[in-house]
Structures are given as structure tokens and as C-alpha cells.
Amino acid sequence: MKASKMLISTLKEAPSEAKIPSHILLLRAGLIKNEVAGVYNYLPLGLKVLDKVEKIVREEMDESGALEIRCSALQPKELWVESGRWQKYGPELIRLKDRHEREFCLGPTHEEIFTSMVRDLVKSSKSLPLNIYQIQTKYRDELRPRFGLMRSREFIMKDAYSFDKDENGLEKSYQQMYDTYTKIFKRCHLNFRAVLADTGNIGGNGSHQFMALSDVGESLIAYCECGYAADVEKATSKLDGYVGGDIKDIEKVYTPNHMTIIDLEQEEGFLPKDMSKTMVYHDFLNEKYIIAMVRADREVNVIKLVNESNSNENYLRLATDEEIMNLGLVKGFIGPVNLKRDDIDIYVDYELENHNGFLVGANELNYHLKNVKYGRDFNGILCDLRTVNENDLCPCCGKPLKIERGIEVGQIFKLQTKYSDPMNCIYVDEFGKNKPMVMGCYGIGITRTLQSIVEQYHDDAGIKWPLNVAPYHAVIVPVNYKDDSQRKLAETLYEALKANGVEAIFDDRDERPGFKFKDWELIGIPFMIICGKRSEEGIVEFKTRQTLEKEELTISDALNRILDALEEEKKYNDSI
Ligand code: ATP
Ligand code: MG
């Protein structure tokens, strides 16, 4: 490809909304262009990379035996009503009406469509197991679209759905997708970790996320050297056994104006471990209020609370001051003792269960209750409600947990019959009985994966694409395009590279060499061949983007270097 015809649109500075390196670099390198918040267009170089990431995903999905289809983004409301998600999905779902007032949504995911398709098309159990996938555009009206392709409102996802006769079948399909994802992310050269995950809006009873490790990741991962790893939304820890002091009678204490944990610690001398953090939530789905209690050195894990209370993330909010007052509670002095209201459920973290006596609000202005003991002074629903912290004890081996950040590039779920039951996606078993198909679903954020690669492969000069996802393999830059011997050598080399299957760019732009070098380093082309002073001798400068190292080579050596690197990459891919 001739550089003069490539619509190269590199920028010196990134627009100010870009905050993280990968977003800045994708914009500066001219791979993507932003129109409105959370919506991106892929420019020629960006599309090349996108195609390559898609190709890796497609090859591995095909290899696993999954069938590719392509569905519309436009989905009818009726199917979402059948699954029960039209109401539950919340404001992320982009809803629209056609000219006849018929309601639709733009698919944020496709469980309903695939379930409906399989119930209509699959008549015999002989067709099972079945795994169908697509690579397609998804829409989610994210509350805060940010970080470019990482959290956008329109993005490309690979989504797959498996249909099995029974749980055993699902286990196999799930494991196969787990292995396929592992291969895909290895082939993308991502440094990643598969972790246990919550099932969120999608539902079901088992899930893993694939996390590209990165300091800018929005997810927190708790992991242990024994192999345990879980999203902090899901992670659990062993109880640390702390029970406080001796068991004593409950005592009312005057704590004027001291309503926060910090006040109570600093002004009244209570240890956070000997106090409860008592939060009040309004559950709009079940029209209830919830009191959630964890030890005060902890945070409530809202995802766990949502799961315990059978609520939904979109329908659980902290109660307002007014609601707290109307419940007869006193803000800053809320407590569970003698609280008798049918519309309030109390959820208590296990850490408080065996504590000998801790401090809670007295539901009276300026008063707390000391030495409160669960089971003696109040009751509630005991559950795991706390957010795991660094150095908590690993639930598997008891060693201290570590915390790291990750970008969720993929997630797999055991859906079981969550969709096939309500949507009547059934098969007839060998005894002539109708049975719901047992489903799994499997997503990869293709565009998020692309940006995660940039996040892991860049330096101050720009992107450092791994060879198999780079927009092109090599670029040839004549230092002075007007110099005959330089231009001719560059042309010869360009033809030789193309003839050998190397994806090459010929920089025929009449620009200063420094300007051209900077462009290619920013864009991240793995190899640069510079035809300069020694062109007449057939000697070029060979620069590797990963290391920025330069050396002088003959043109045939330069060509062989690239062919060797491609061969090496192929071997790596074949070995996975
Ligand atoms: P998140 O927790 O980051 O919002 P999710 O768990 O809701 O993601 P899934 O429903 O599991 O996402 O979707 C499958 C994959 O699609 C995710 O693993 C992620 O890689 C990608 N993805 C989800 N939302 C977005 C988004 N707004 N922008 C880009 N990619 C996304
Ligand atoms: Mg997810």
C-alpha cells in the first residue's frame, strides 16, 4: 500500500476527553474517530486491526465446532417480554418505536433472539448439542461511556450460545468455550487471567470472566497463588475469626453528633472492627427496604446484596434521607435492634454472626448501642455480604489474597434453563418427554480486546502491535523520496516483500524523514526499513518497533528477518 493513498490521519495531541494511554493512542494514530460520546468509527488502519482480531476469534470459534450466523441489532419487544427482561434490563437498553408504534430494542446481547431461533428451527434432539455464534454490533446506553472502545455505547461483540440436552452437556460446552477463549486471548498476545464471576444481568449459575491485566482496568480481581481468582464482585474470603471482647449486656451510649465510623473511632475510641456499618437500600423491584450490615472496616458488596435479595442492580438504590426518616430510622444512628417492620429485611454479613458485641445505632438521635450481639439482640438473614480486601484470607487455602486490576475482555456463563424455560425452547427426549434445552452463553468484546492489546503494548512513542494483529507487518521509508537510488531500492524491496506475502507499506510521501518515522512509530508497524545513505550498496536500516533497536542489513537480510518473524508467529499460533 502506498502511504500517500492511506488516509493517514495521525494527531500530535489527543482530544482532551481521552484519559488512558490506549484511547489516546488509538485516536492519535488515526485508527478510530469519535462522533458522539461512546460511538466510534473505524478508519482504514483501525479496520485492518479489527479484521485481524475478528479473524482470530472466528478461526478459534470455527475450530471449536460452533456455527457462525449474523443477526439483526433490531429486536422486537415481545421476545424480551417473554424472557422477562423488558422490564428488568433498565436504562442501558436502547428502546425505540417504529412508525406503527411497535416497540423494539437495539440488542445489548442476543439471548432472546438465539433462544427463539433455536426453538423454531431445532425439532429433533439429534441436532443437540449446538453452539451458534455471531460477530456483530451491540448497543448499550452506558451510564458513563468512557475510555474509548473500552466502554462505548456501540461496540462489536462475539456472542455464542450453546444448547445441550442436559447439565453434563452444558459442562462440556462450557469447558470447550473456556478453552477456546484461552486460545483466542493467547493468540492476541494478551496477558490475561480467567476469574470466577458474578452472572449479573444475564443470569444463570456459573461464570468466568477473562481479564486482560492492566492498571487502567475497571475490574478488581482477588487472586491467590493457589490458583483461586475471582472478580471482587464475586470473591469471597475465609472468616478471620475476630470476635471482639467479652460478651456483655447491651448498653446505650451517648455519642453526640458522632454519626460516622471515623467520628466514632476518633472521638469515641471504638475500633471499626467493633462497629457495624449499617446501610439502608430501597429495592424497587420487590418494593422493600433492606438494611445491610457489615463490620465497619468493610464495604457492602452491592452485587452480593442484589443476589441475596433477588433484586436487580438497576432496581436497588441507597435510601434517601426522606425515606430513612419515613421508615422511623434516624440517619447516622441507624440500628437493627427492636426494629419491627415488615417492609424492612435485614441482611447481616457472616463476620458479625459470632462477634461478641459490637456498636450499632440506637435509632435515636445522638445514641448508639454497645455490646450488641447477633442472635441475642436482633436477627436477620445471614449471608456473605462483604467486599473482599487485599490480605483477606483465600477461601480455598487461607493464604492472604492479592488484588489486581483487569479489563474484562470476555465472559462465559452457564445459563442452564433461565431462557429456555420461560421461552419454551424445548426438545423431546428418548422417552417422548418435553425437556427445556440447557444453555450457555459466551461473549467477547472484540473492540474492547483490540484496545486492551494497545493498553498492554505501547510506549511513549506509540503503539507496539504484536505482529499478528498489526495493521501491516512492515513499512519501507526512503529517507529522501526524490533521491533515485533510495526510491528505487525502496521500490524493489516493496515488491519483494509483497511477493513474499508480507503486508507492506511504501512511504511515498514527500515529507521530512523524522516526520515519517514518528508516524509509523505512533501507528505501531512492527518493522521499519529505512532506505538512506547506503542505498546504492543495497544496505538499509532495519528498525524493530517492539525494542526500537536499529541495525544495518542488506535488503535480503531485512526481508528474511521479516519472513522469520512471520514464521515464528505462525509457529506460536500453531502451538496454542
Ligand atoms: P461490563 O461489566 O464491563 O459492563 P458486561 O459484563 O456487562 O461488561 P457482557 O454482557 O459480559 O458485558 O458482554 C460481553 C463482553 O462484551 C464483555 O466481556 C466486554 O468485553 C464487552 N463489553 C460489554 N460492554 C461493553 C461496552 N460498553 N463497550 C465495549 N465492550 C463491552
Ligand atoms: Mg460481563
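All values reported here derive from a predicted model rather than from experimental measurement. (Residues numbered from 1 in each chain as written. Chains lettered and ligands numbered in written order. Predicted model: local features only at pLDDT ≥ 70, side-chain atom pairs only at ≥ 80, totals over all residues. Heavy atoms only, no water.)

Q: What am I meant to see in the overall build of the protein chain here?
A: Looking only at helices and strands, the protein chain has 14 helices and 31 strands in total. By its C-alpha atoms, the protein chain is 95 × 70 × 50 Å across when sized along the principal axes. Residue burial in the protein chain is summarised as follows: out of 576 residues, 52% are buried. In the protein chain, 70% of the contacts between residues at least 6 apart in sequence involve partners at least 24 apart. Of the roughly 26,200 Å² of accessible surface on the protein chain, a fraction of 48% belongs to carbon and sulfur atoms. Between the mean site of the 77 positive side-chain charges and the mean site of the 94 negative ones, the protein chain shows a separation of 3 Å. (Helix = DSSP H or I, 4+ residues; strand = E, 2+ residues; numbered from the N terminus. Buried < 20%, exposed > 50% of the residue type's maximum accessible area, 1.4 Å probe, protein only. Contact = heavy atoms within 4.5 Å. Areas by Shrake-Rupley, 256 points an atom, 1.4 Å probe, with all protein chains shown as cover. Lys, Arg positive; Asp, Glu negative; His and termini not counted. Charge placed at Lys NZ, Arg CZ, Asp CG, Glu CD.)

Q: Teacher, can you tell me more about the site of ligand 1 here?
A: What surrounds ligand 1 is a group of 14 residues, the closest being R140, E142, R151, S152 and E408. V409 places a polar main-chain atom, nitrogen or oxygen, 3.1 Å from an oxygen atom of ligand 1. Here an oxygen atom of ligand 1 and a backbone polar atom of G445 are 3.3 Å apart. Of all elements in the fold, only β8 (154-164) and β21 (402-416) reach the threshold of two or more residues within the shell around ligand 1. If one sorts the elements of the shell around ligand 1 by residue count, β21 sits on top with four residues. (Near = heavy atom within 4 Å. Polar contact = N/O pair within 3.5 Å; in protein donor to acceptor, adjacent residues only side chain to side chain.)

Q: Looking at this model, I keep getting lost on the sheet that holds strand β30 (residues 539-544). Mind explaining?
A: Neighbouring strands of a sheet are bound in pairs by backbone hydrogen bonds; such pairs are parallel or else antiparallel. What the five strands build is an open sheet, ordered β28-β27-β29-β30-β31; its pairing is mixed. Unpaired on one side and paired on the other, β28 (504-506) and β31 (550-554) mark the two borders of the sheet. Across the sheet, the mean angle from the axis of one strand to that of its neighbour is 25 degrees, orientation sign disregarded. Direction of pairing for strand β29 (residues 527-531) relative to β30: antiparallel, over a ladder of four bridges. Counted as the bridge partner of I529 is F542 from β30. Sitting on the sheet, helix α13 (residues 513-523) touches β27 (474-478), β28, β29 and β30, and the angle it makes with β27 is about 175 degrees. Each of β27, β29, β30 and β31 is contacted by helix α14 (residues 555-575), which is oriented at about 115 degrees to β31, the strand it contacts most. (Pairing = 2+ DSSP bridges. Axes fitted to C-alpha atoms, helices over the stretch in contact; angles between N-to-C directions.)

Q: It is not clear to me how the coordination of the magnesium ion (ligand 2) should be interpreted in this structure. Could you clarify?
A: Metal coordination angles have textbook ideals: 109.5 degrees for a tetrahedral set of four donors and 90 or 180 degrees for an octahedral set of six. Listed as protein donors to the magnesium ion (ligand 2) are E408 (OE) and Q411 (OE1); their distances from the metal cover 1.9 to 2.2 Å. On the basis of relative accessibility, which here comes to 23%, the residue E408 falls in the partly exposed class. (Donors = N, O, S within 2.8 Å, 3.2 Å for Na, K, Ca; no water.)

Q: Sorry, what's going on with the pattern of salt bridges here?
A: Opposite charge on two side chains permits them to pair, given that their charged atoms come into close proximity. In this structure the tally under the stated criterion is 50 salt bridges. Ionic pairing is found between K33 and E35, a salt bridge with its closest N-O pair at 3.4 Å. K33 gets classed as partly exposed once you look at its relative accessible area, which sits at 42%. Between R386 and E351 there is a salt bridge, and its shortest N-O distance comes to 3.5 Å. Taken together, the positions of R386 in the loop between β20 (381-383) and β21 and E351 in helix α10 (residues 350-353) put the pair 35 residues apart, joining distant regions of the chain. The buried category is assigned to R386, whose relative accessible area is 2%. Bridged by salt links that share partners, the residues D240, R295, D297, R298, K304, D349, E351, D384, R386 and D392 form one connected network. (Salt bridge = Lys/Arg side-chain N within 4 Å of Asp/Glu carboxyl O.)

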